[in-house]
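Spelled out from the first residue to the last, the chains are:
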Amino acid sequence: MVRATVSFSRGLALLVAATFFMENLDGTIIQTAAPTMAREFGVAPADVSVAMVAYLLAVAAGIPATGWLSRRLGIRPVLITAIVVFTVASLLCAFAPSLTLLTVARVLQGIGGALMVPVGRLAVLRDTDPVDLLDAIAYLTWPALIAPVIAPALGGILSDTVGWRWIFLINLPLGLAAFVAGIMLVPRTSREPALRFDGRGYAAIALALVLLTAGAEGLSAEDARFQLAGGAAILVALAVGWVAITASRGREHALFDWSVLRLHSFRAGNVSGGVYRMIITGAPFLFTLLFQLAYGWSATVAGLTVIAIFVGNLAIKPFTTPLIRRFGFRTVLIWSNLLGMLVLAAFVGIGPAAPLPVLLALLVASGVFRSIGFSAYNTLQFADVEATDTNNANTLASALQQVATALGLAVVAVFVRASTAVSEGVTGSPLPGYHWAFALAAALLLIPLAGAFLLPRDAGARATARR
């Protein structure tokens, strides 16, 4: 009997997954280390957030150019260069003598991260047959699930033990291994040296993403002035984005070809799927705030407890692909949205007296449904994309996912701030406010749930077929 072979390299998929992990991890890992870093630099802990925001803004600015760079220079040189830039920048971060130089190094690190993620995914998707798409995406999904969950705890542990500089030093062996693996595994692709760059389109889209990311960070701040500025930045970002989309239609060599949104599966994976990513991305942050500020737990205990979500992610991962193949995208997305919503809603009726095993069981369940939903949406968006449109669809999906990720923490922060302000004024306690925040987050999942119901029963059938 002849064994069927897959159309993608597992080694390459693992390499790209490792780069995804580094990029996702470094987005938020310094959050819990901020007080330690502030003492060493002689600044206020809140000031250290500039280094985290600078990284996120650099990622947002770099993403729109990745598709053009991949076509102009080739996937292999761009991906390997991105790994080198990210690793060298991590070294500069580790030995930065001041907050200013750390922020500059973080910008460089963000540029490397912006290139690693979309170009790495393109390297995997480029030669993957639709029938192998589920398996390929399974490798690329786990970093986005795991890194945001373990980052706060890992950052706190490293800063309290070996020192905060090891937050960046751990990237060096990973980056070196990724560089060597990249030389061996990333195939050479054709280049288009005469391809023109859509400078106007890039400037508009990059500005919109940067403003949106900065606005989301502003909304998450405690200072009312930052909140007001953040809201204004988001409104300007939406206006700039709309103008950029309208102006690019029909223009030759436009940075994005928006026609891919006509595909029902791509649209579902990035529109209703974007709302899903937004809530699921913000959920670990919401759990952490609940445990620390409403239950009175320490940051370390809260961070370690939230890792139970990672346990759920990991436990269900071997079964996500068989589940989607057995029941199809529509059924899986309906149930992952519905059950994920019920888990969030369960915290409306739970207080600090709840038994720890109950809390852990709910967090594990949240991780299970989170993993299934992420895998389904991340695969569905490419299920019906033709090979000639993969580069454009990949870059556009990366930009839309940046929007969802940026807004995730901001939406949760706004929910918590508004609801706790009301609850403290009415009851004198912040706990009811957190219950209302969970209710709002659960209610927002009705949007992707409705989108899942509207999917055709055979949505993404090319990706669920068996060899």
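The rules we used
Residues numbered from 1 in each chain as written. Predicted model: local features only at pLDDT ≥ 70, side-chain atom pairs only at ≥ 80, totals over all residues. Heavy atoms only, no water. Salt bridge = Lys/Arg side-chain N within 4 Å of Asp/Glu carboxyl O. Helix = DSSP H or I, 4+ residues; strand = E, 2+ residues; numbered from the N terminus. Buried < 20%, exposed > 50% of the residue type's maximum accessible area, 1.4 Å probe, protein only. Core = buried A, V, L, I, M, F, W, Y, C linked by side-chain atoms within 4.5 Å. Contact = heavy atoms within 4.5 Å. Patch = residues over 30% accessible without salt bridge, like charges linked within 9 Å, V, L, I, M, F, W, Y side chains within 5 Å. Areas by Shrake-Rupley, 256 points an atom, 1.4 Å probe, with all protein chains shown as cover. Axes fitted to C-alpha atoms, helices over the stretch in contact; angles between N-to-C directions. Parallel < 35°, antiparallel > 145°, perpendicular 65-115°, else oblique. Left-handed = near helix turned anticlockwise from the far one by under 90°. Nonpolar A, V, L, I, M, F, W, Y, C, P; charged D, E, K, R; others polar.

(A) Summary view of the pattern of salt bridges. Within the structure shown, the criterion is met by three salt bridges. Across the pair Arg325 and Asp135 runs a salt bridge, and its minimum N-O distance is 3.7 Å. Remark: Asp135 occurs in helix H7 (residues 133-160) and Arg325 occurs in helix H15 (residues 308-346); sequence separation between them is 190 residues. The class for Arg325 is buried, based on a relative accessible area of 18%. The class of Asp135 is partly exposed, set by a relative accessible area of 25%.

(B) Main features of the nonpolar core. Phe287, Leu290, Phe291, Tyr295, Leu344, Phe347 and Phe382 are the most contacted members of the largest nonpolar core, which totals 117 residues. If near-sequence neighbours (up to four positions away) are discounted, Phe347 is found in contact with Phe287, Leu290, Phe291, Leu359, Leu362, Leu363, His435 and Phe438. In terms of nonpolar packing, the next biggest core, distinct from the first, is built from 27 residues, Ala38, Ala96, Ala105 and Phe168 among them.

(C) The arrangement of the environment of Leu212 in detail. Residue placement: Leu212 occurs in helix H10 (residues 199-220). On a C-alpha basis, the gap between Leu212 and Leu407 in space is 7.9 Å, while along the polypeptide they are 195 residues apart. Apart from the residues lying within four places of it in its own chain, the contact partners of Leu212 are Ile234, Ala237, Val403 and Leu407.

(D) View of a nonpolar patch on the surface. Together, Val84, Val88, Leu92, Leu108, Leu176, Phe179, Val180, Ile183, Met184 and Leu185 give the surface a local cluster of nonpolar side chains, amounting to about 840 Å² of exposed area. Elements with a contribution of two residues or more to the nonpolar patch: helix H5 (75-94) and helix H9 (171-185). Looking at which element gives the most residues to the nonpolar patch, the answer is H9, with six residues. The residue Ile183 is located in helix H9 in this model.

(E) Up close: the packing of helix H13 (residues 272-294) against helix H14 (residues 299-306). Between H13 and H14, the shortest axis-to-axis distance is 9 Å and the interhelical angle comes to 140 degrees. On the basis of the axis angle, H13 is oblique to H14. Pair H13 / H14 crosses with right-handed handedness. Side by side, H13 and H14 meet where Pro284, Phe287, Thr288, Phe291 and Gln292 of the first sit next to Ala299, Ala302, Thr305 and Val306 of the second.

(F) View of the packing of helix H4 (residues 66-73) against helix H6 (residues 99-125). Interaxial distance between H4 and H6 falls to 9 Å at its minimum, and their mutual angle equals 60 degrees. Helix-helix and strand crossings are classified by hand; for H4 and H6 the assignment is right-handed. Contact residues: Thr66, Leu69 and Ser70 in H4; Ala114, Leu115, Pro118, Val119 and Leu122 in H6. Of the residues contributing to the contact of H4 with H6, the split by class is six nonpolar, two polar and no charged.

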